[in-house]
Amino acid sequence: MGSPGEWSVEHRAPMRNESSSSVVSEFVPESGCLSIIVLGASGDLAKKKTFPALFHLYRQGFIQSHDVHIFGYARTNIQDQDLRDRIRGYLTPCKGFEETHDEAVTQFLQLIKYVAGAYDTEEGFRMLDKEISEYELSKNSTKGSSRRLFYLALPPSVYPSVCKMIRNYCMNKSDLGGWTRIVVEKPFGKDLDSAEELSSQIGELFDEPQIYRIDHYLGKELVQNLMVLRFANRFFLPLWNRDNISNIQIVFREDFGTDGRGGYFDQYGIIRDIIQNHLLQVLCLVAMEKPVSLKPEHVRDEKVKVLQSVLPIEDSEVVLGQYDGYTDDPTVPDNSNTPTFATMILRIHNERWEGVPFIIKAGKALNSRKAEIRVQFKDVPGDIYKCQKQGRNEFVIRLQPSEAMYMKLTVKQPGLEMKTVQSELDLSYRQRYQGTIIPEAYERLILDTIRGDQQHFVRRDELKAAWEIFTPLLHRIDRGEMKPLPYKPGSRGPEAADKLAENVGYVQTHGYIWIPPTL
């Protein structure tokens, strides 16, 4: 300390785990052998998503046959080869490796072993642990250095019992650099109370760094690009606020109905199935402030702040729909009140977004299939070209299909006349990144789990904040206080939804259609 009245400098101690050499922590390979256990191995999710993702990671060299083994666990009484035969048809060729595909499939399937057992009894999990331990011994793995990843491709109703069995019978015996992690799939409950109960049950058994709540939208290429776009490009920084942006749409559209999933879907509806998780996660990345660093906790802290700033949803700013023929499905009750379509306005009460409506829209059996973010800017003040009727500037991020980002802007139409026309600056991934492998979301997220990176997974307080936003609305729908409007399959949805977007300030562009460029 200096004498009274003098300034002195106190050097701050580095933050725990703080790295002075790089803002992005580098992945350090671990030495212990890896066991990946897929619970619910005989189910659709495992066959269609989990095993194909593991196969593509294997093909690209991210998991190696010499240090990984894959175990399938389910109630179905089948043998190793039966499971391999069920999976084989879902293992599609990996781009750039087509010539050796059949050989690679055979090699990959040999890494898979099947164990049959119940989800709530000791016997099956003791057998599973015995098989995993035998593999670890065969690799001369130091006791406690091996890694165990449990992927729960199961309905949430069995999560508590399965997690309890894993905790009691399948954990690593000590910690010498090894770990045990669990991956759980949505839905994480049906409302705030059920989500909190589920979180408490799992939280009593595992620490938060061991729990990976997967939302596959966070693994999509364009969703992962959102933070880079916002925080690595100078010209977005002064524009990304209420002074320049009129409204933001986050849209999910499917051109098919429930397609045999009617009974399952009717328990949840479009808000629980799509909006409360996928689209809300996208909203967080669009609206969040710049994090202190790219460390997972810093990023997730900012996402939680966004969710806590969302105002209660007004009934007058919600339009629900149900497509004609939805209740024809024999697994759906004739008097079902479940929405297959919803448009709602979310409002964020903070300095950056006060007054900017976030128009969230999701629906089934509509006239197109796409998921996109549409940032619409305000009108140009003092419009000397009188071109406002042609449409506003928009920045559009197409998440699927045909991944792209493009900016709609007004330009002079070529020719001798001074006429303006809408055009675009276009970055279409298929054209710009020919030959580049764009991984599936599940591939990226499983790899993150192996590496221990939780940035793209949902934290417990984040999940709670998300349910706090939607639970009151969902309970009003469940009680029948809000009714869905009928709409025809193949339409845009209820007309009232377009009217709602228009009422809060969205201006539709007429006469302009973005066409993905051809190769």
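Notes on the structure follow. (Residues numbered from 1 in each chain as written. Predicted model: local features only at pLDDT ≥ 70, side-chain atom pairs only at ≥ 80, totals over all residues. Heavy atoms only, no water.)

Here we take up the pairing of strand E4 (residues 147–152). Most of E4 sits inside the fold, with 6 of its 6 residues counted as buried. Where burial is concerned, the two faces of E4 agree: the one with Arg 147, Leu 149 and Tyr 151 and the one with Arg 148, Phe 150 and Leu 152 are both buried. Inspection of the sheet shows strand E1 (residues 34–39) paired to E4 by 6 bridges, in the parallel sense. Residue pairing across strands places Val 38 opposite Tyr 151, the latter belonging to E4. Pairing analysis gives 6 bridges linking E4 to strand E5 (residues 179–185), with the strands arranged parallel. Its bridge partner being in E5, Phe 150 is matched across the sheet by Ile 182. (Buried < 20%, exposed > 50% of the residue type's maximum accessible area, 1.4 Å probe, protein only. Helix = DSSP H or I, 4+ residues; strand = E, 2+ residues; numbered from the N terminus. Pairing = 2+ DSSP bridges.)

This paragraph deals with the environment of Leu 409. Within the element layout of this structure, Leu 409 appears in strand E13 (residues 404–412). With sequence-adjacent residues up to four places away left out, Leu 409 is seen in contact with Asn 393, Val 421, Gln 422, Ser 423, Glu 424 and Leu 425. (Contact = heavy atoms within 4.5 Å.)

Sheet architecture is open: 9 strands sit in the order E14-E13-E12-E11-E7-E10-E9-E8-E15, paired in mixed fashion. Each end of this open sheet is capped by a strand with a single partner; those strands are strand E14 (420–428) and strand E15 (485–487). Averaged over all neighbouring strand pairs, the angle between strand axes comes to 20°, with direction disregarded. Bridge analysis of strand E7 (residues 245–253) against strand E11 (residues 370–377) gives 8 bridges, and the strand direction is antiparallel. Its bridge partner being in E11, Ile 250 is matched across the sheet by Ile 373. Here helix H10 (residues 269–287) sits on the sheet in contact with E7, strand E8 (318–323), strand E9 (341–347), strand E10 (357–363), E11 and strand E12 (394–400), set at roughly 145° to E10. Here helix H14 (residues 460–478) sits on the sheet in contact with E8 and E9, set at roughly 140° to E9. (Axes fitted to C-alpha atoms, helices over the stretch in contact; angles between N-to-C directions.)

Moving on, we get to the packing of aromatic side chains. Summed over all chains, the structure comprises 18 aromatic pairs. Seen in terms of ring centroids, Trp 240 and Phe 395 are 6.5 Å apart; in terms of plane orientation they differ by 75°. Their pairing is edge-to-face. Taken together, the positions of Trp 240 in the loop between helix H8 (226–231) and E7 and Phe 395 in strand E12 put the pair 155 residues apart, joining distant regions of the chain. Taken together through their ring pairs, the aromatic side chains of Phe 265, Tyr 323, Tyr 326, Phe 341 and Tyr 487 make up a single cluster. (Phe/Tyr/Trp six-rings, centres within 6.5 Å; stacked < 30°, edge-to-face > 60°.)

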